[in-house]
Amino acid sequence: EPEVTQTPSHQVTQMGQEVILRCVPISNHLYFYWYRQILGQKVEFLVSFYNNEISEKSEIFDDQFSVERPDGSNFTLKIRSTKLEDSAMYFCASSGLGLGNSPLHFGNGTRLTVT
Amino acid sequence: GIQVEQSPPDLILQEGANSTLRCNFSDSVNNLQWFHQNPWGQLINLFYIPSGTKQNGRLSATTVATERYSLLYISSSQTTDSGVYFCAVDRGNNRLAFGKGNQVVVIP
């Protein structure tokens, strides 16, 4: 069964550094998403992306965050200057159609630790 | 935004027992999914179930959209069923809202 793949599985970075989290969505999917989960808390929506632009973003997704689809297969989340509170598990997801019409498929996550 | 409440928050089961997890949501939804988060943190999609009933092995789910709730049934539980079960809903605005989860521990 096709999968969403994320790399790296774990990233440790120092406060103030830039990080890029990478995702390869399922190949025929059109909608892409990033979610995050702070340890012990619920999963929170960050951003959705369709047709090479952001379609929705949450209040968490401030100017420090950006997303990009640099080629036909990758989807990236960049955090420009990491803060301690950015430490979390970051999940990439994709769906074939817009939400409400098809399920989201999640990757295994990237655990980001900011020291 | 839409509120998603899951109950019970914590559940300890003896291996072989059955259980029911509940998800209530505060508004009409276009999409509802159940996920299992395993001890490694992976989110496994269990059901896409905006309405009706589905079964997959020992798991089944029912969503009654008009009454704004969904139920996940685990039958003959196994230790591998341990983890957190999340319900997540979408109102058609392309963002899933998750509940806080049901922490399930199955003991041998």
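What comes next concerns the included structure. (Residues numbered from 1 in each chain as written. Chains lettered and ligands numbered in written order. Predicted model: local features only at pLDDT ≥ 70, side-chain atom pairs only at ≥ 80, totals over all residues. Heavy atoms only, no water.)

1. Section: the overall build of chain A
For chain A, the count of helices and strands is 0 helices and 11 strands. When the helices and strands of chain A are listed from N to C terminus, the series reads β-β-β-β-β-β-β-β-β-β-β. What you see for chain A is a C-alpha radius of gyration of 13 Å, in line with the 13 Å of a compact globule of 115 residues. Its C-alpha atoms put chain A at 40 × 30 × 30 Å along the principal axes. Within chain A, contacts between residues separated by at least 24 positions form 55% of all contacts whose residues are at least 6 apart in sequence. Carbon and sulfur atoms form 45% of the exposed surface of chain A, whose accessible area is close to 5700 Å². The averaged location of the 13 negative side-chain charges in chain A is 4 Å from the averaged location of its 9 positive side-chain charges. (Helix = DSSP H or I, 4+ residues; strand = E, 2+ residues; numbered from the N terminus. Rg over C-alpha atoms; globule rule 2.2 N^0.38 Å. Contact = heavy atoms within 4.5 Å. Areas by Shrake-Rupley, 256 points an atom, 1.4 Å probe, with all protein chains shown as cover. Lys, Arg positive; Asp, Glu negative; His and termini not counted. Charge placed at Lys NZ, Arg CZ, Asp CG, Glu CD.)

2. A closer look at the packing of aromatic side chains
According to the stated counting rule, one finds 14 aromatic pairs over all chains in the structure shown. Considering the side-chain rings of A:Phe49 and A:Phe75, the 5.2 Å spacing of their centres and the 40° angle between planes classify their relative orientation as tilted. One end of the pair, A:Phe49, is in strand β5 (residues 44–50); the other, A:Phe75, is in strand β8 (residues 75–79), with 26 residues separating them in the sequence. Taking relative accessible area as the criterion, A:Phe49 reaches 6% and is therefore assigned buried. Exposure remark for A:Phe75: the relative accessible area of 0% places this residue in the buried category. Through successive ring pairs, a cluster of aromatic residues spans A:Tyr33, A:Tyr35, A:Phe45, A:Phe91, A:Phe106, B:Phe35, B:Phe86 and B:Phe98. (Phe/Tyr/Trp six-rings, centres within 6.5 Å; stacked < 30°, edge-to-face > 60°. Buried < 20%, exposed > 50% of the residue type's maximum accessible area, 1.4 Å probe, protein only.)

Purely geometric numbers; function is a separate question.
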